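Next come the chains, spelled out residue by residue.
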Amino acid sequence: MEEGTLKSPSYCAGTDAVDYGDTDPFQWDTREDCQVRQILDRVADKWSLLVIALLENRRLRFTELRREIDGISQRMLTVTLRSLERDGLVKRTVHPVVPPKVEYELTPLGGTLHATIRSLVTWTEAHQEEIAAARSAYDRGGAEAV
């Protein structure tokens, strides 16, 4: 490996990194077990974002969630719901009826995350035309046109 070449995008040891002080954007990458990275990977996953958005102020059954989320497989929805439940963001309730009725809803912690997601969606809606223009300019003439 050439000197100064990173081993991976998140590898920070042994490089002449810029000192960001208390706001170092890579500080979570160098921590043992990378807990912040794991949490960010979970909540920023596209399926997790959609599930959290759909569960705002309501309970939904698995089949309702699957019907609402275009393109998600049964397996991926199951994995996503289990991960969100494990992280304390979604609550799963099984009702003792035949056939079993299972509902999902946001926990109070999940509700606080929804507010953050709503801010991201609001930003996206406000800037979608600028982003579309930048994409068009890039597609027409490459990166230097932007």
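Rules behind the numbers
- Residues numbered from 1 in each chain as written.
- Predicted model: local features only at pLDDT ≥ 70, side-chain atom pairs only at ≥ 80, totals over all residues.
- Heavy atoms only, no water.
- Axes fitted to C-alpha atoms, helices over the stretch in contact; angles between N-to-C directions.
- Helix = DSSP H or I, 4+ residues; strand = E, 2+ residues; numbered from the N terminus.
- Parallel < 35°, antiparallel > 145°, perpendicular 65-115°, else oblique.
- Contact = heavy atoms within 4.5 Å.
- Nonpolar A, V, L, I, M, F, W, Y, C, P; charged D, E, K, R; others polar.
- pLDDT = per-residue confidence, 0-100.
- Pairing = 2+ DSSP bridges.

**Student:** Describe the packing of helix H2 (residues 46–54) against helix H4 (residues 74–86), with residues and values.
**Tutor:** Between H2 and H4, whose axes approach to 10 Å, the crossing angle comes to 70 degrees. Here H2 lies roughly perpendicular to H4, going by the angle between them. On H4, the residues that touch Trp47, Ser48, Val51 and Ile52 of H2 are Met76, Leu77, Thr80, Leu81 and Leu84. For the contact of H2 with H4, the per-class residue count stands at seven nonpolar, two polar and no charged.

**Student:** Hey, could you go over unusual backbone geometry for me, with residue numbers and the actual values?
**Tutor:** The linkage connecting Val98 with the following residue, Pro99, adopts the cis geometry, with an omega of -5 degrees. Note on placement: Pro99 falls in the loop between strand S2 (90–95) and strand S3 (101–106).

**Student:** Any details on the confidence of the model for the protein chain? Residues and values, ideally.
**Tutor:** For the protein chain, per-residue confidence averages 82 on the pLDDT scale, and 73% of positions sit at 70 or higher. This stretch, residues 1–15, has a pLDDT under 50; its non-local contacts, to residues over four places away or in other chains, come to eight contacts.

**Student:** Describe the sheet that holds strand S1 (residues 60–61), and please don't skip the residues or the numbers.
**Tutor:** The strand order across the open sheet formed by three strands is S1-S3-S2, and the pairing between neighbours is antiparallel. The open sheet has two edge strands, S1 and S2, and neither has a second partner. Here S2 runs beside S3; their pairing, made up of six bridges, is antiparallel. Across the sheet, the residue bridging to Thr93 is Glu103, located in S3.

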